[in-house]
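Each chain, letter by letter, is given below.
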Amino acid sequence: MKKYMPDIYSADQLFTFSGLDGETSYFNMLTLLSRPERFSYYVMFPQRRGEIRIPDFSGPLAVGGDFADFGPTRMLLADHCNLLIDGPAEVRDVDPEVYVLERRGNRTLFAVKGFERPNLLDADFEALRKGKEKFLDELADFPEVPDAATGKAAARAWAVMRNCIYAPEGKYKGYYITPDRWPHRACWIMDSLYQAISVRHFHR
């Protein structure tokens, strides 16, 4: 399938890290949820407290499951616990006992305490961002779609699906999937069965 980048921001979009991209943690996974107001996110997990606000702007967007380009501000999850923001942003009302917030120049690092990686403030953001388009490459064998709108919807659907996948952890010796990262965090056999069929449909 031709590459189509999802470009619609709306409320209730989960923003989290996929187990297909690296280590995950059921108990410490940084998870955000988009608010109705452009462009802002609630901090939902591991503690439901705090907000991240990005200045509004008019222009093209790119909104994946773990990265977003909002004009002069871009953000991405470098791993399951570290959110790197490049550009103007406000992080407010977060608990310093649970989260770490560091700033350097135009960069902001928001991380789960104990898992923070301050060196990311000096990382090559362009290289990290380019790696986030891997999920589009995974759609290469997906059937062709009739138009760009359908292609973007398919890409968004896969971004949502893959972000429900955890890497092997604890009693789970292989990858496993949950209905979502919040609030339906548990693993149910029936849900996992249908999700596995969907994953197979996308990721062949």
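Residues numbered from 1 in each chain as written. Predicted model: local features only at pLDDT ≥ 70, side-chain atom pairs only at ≥ 80, totals over all residues. Heavy atoms only, no water.

J.: Quick question: what am I supposed to make of the nonpolar core here?
T.: Side chains of a nonpolar character, in soluble globular proteins, are inclined to be buried together. Formed by 28 residues in total, the largest nonpolar core has its most connected members in Leu30, Tyr41, Ile52, Phe70, Met75, Leu83 and Phe110. If you list the elements that add at least two residues to this core, you get strand S3 (40–45), strand S5 (61–63), strand S6 (67–70), strand S7 (73–77), strand S8 (82–86) and strand S11 (107–112). Ranked by size, the runner-up nonpolar core spans 25 residues in total, among them Phe142, Ala155, Trp158 and Val199. (Core = buried A, V, L, I, M, F, W, Y, C linked by side-chain atoms within 4.5 Å. Buried < 20%, exposed > 50% of the residue type's maximum accessible area, 1.4 Å probe, protein only. Helix = DSSP H or I, 4+ residues; strand = E, 2+ residues; numbered from the N terminus.)

J.: Looking at this structure, I do not really get the pattern of salt bridges. What am I missing?
T.: Opposite charge on two side chains permits pairing when their charged atoms draw close. A complete count under the given rule lists 18 salt bridges for this structure. In this structure, a network of salt bridges that share partners links the residues Asp21, Lys134, Glu138 and Arg162. (Salt bridge = Lys/Arg side-chain N within 4 Å of Asp/Glu carboxyl O.)

J.: Mind showing me how you'd approach the pairing of strand S10 (residues 99–104) here?
T.: Strand residues, when the strand is regular, have side chains that alternate between the two faces of the sheet. As paired elements, S10 and S11 share six bridges and run antiparallel to each other. Its bridge partner being in S11, Val100 is matched across the sheet by Ala111. Counted between consecutive antiparallel strands, the loop separating S10 from S11 contains two residues, among which Gly105 sits at a positive phi close to 60 degrees. (Pairing = 2+ DSSP bridges.)

J.: Explain the side chain of Arg181 here, please?
T.: Within the secondary structure layout, Arg181 lies in the loop between strand S13 (176–177) and helix H4 (189–202). Buried and unpaired, Arg181 has no salt bridge, with Asp180 as the nearest side chain of opposite charge at 8.1 Å. Within the local environment of Arg181, its side chain forms a polar contact with the side chain of Thr16, the two groups lying 3.0 Å apart. Setting aside residues up to four positions removed in sequence, Arg181 forms contacts with Leu14, Thr16, Phe17, Ser18, Gly19, Thr24, Met29, Thr31, Asn163, Cys164, Ile165 and Tyr166. (Lys, Arg positive; Asp, Glu negative; His and termini not counted. Polar contact = N/O pair within 3.5 Å; in protein donor to acceptor, adjacent residues only side chain to side chain. Contact = heavy atoms within 4.5 Å.)

J.: Looking at this model, I keep getting lost on the sheet that holds S5. Mind explaining?
T.: What holds strands together in a sheet is hydrogen bonding between their backbones, with the strands either parallel or antiparallel. Read from one edge to the other, the open sheet built from six strands follows the order S5-S6-S7-S8-S11-S10, with strand pairing classed as antiparallel. Since the sheet does not close on itself, it has two edges, and those belong to S5 and S10, each with one partner. Taking each pair of neighbouring strands and ignoring which way they run, the sheet shows an average axis angle of 10 degrees. In this sheet, S6 lies alongside S5 in antiparallel orientation, the contact comprising three bridges. Looking at S6, one finds that Leu61 is bridged to Phe70. (Axes fitted to C-alpha atoms, helices over the stretch in contact; angles between N-to-C directions.)

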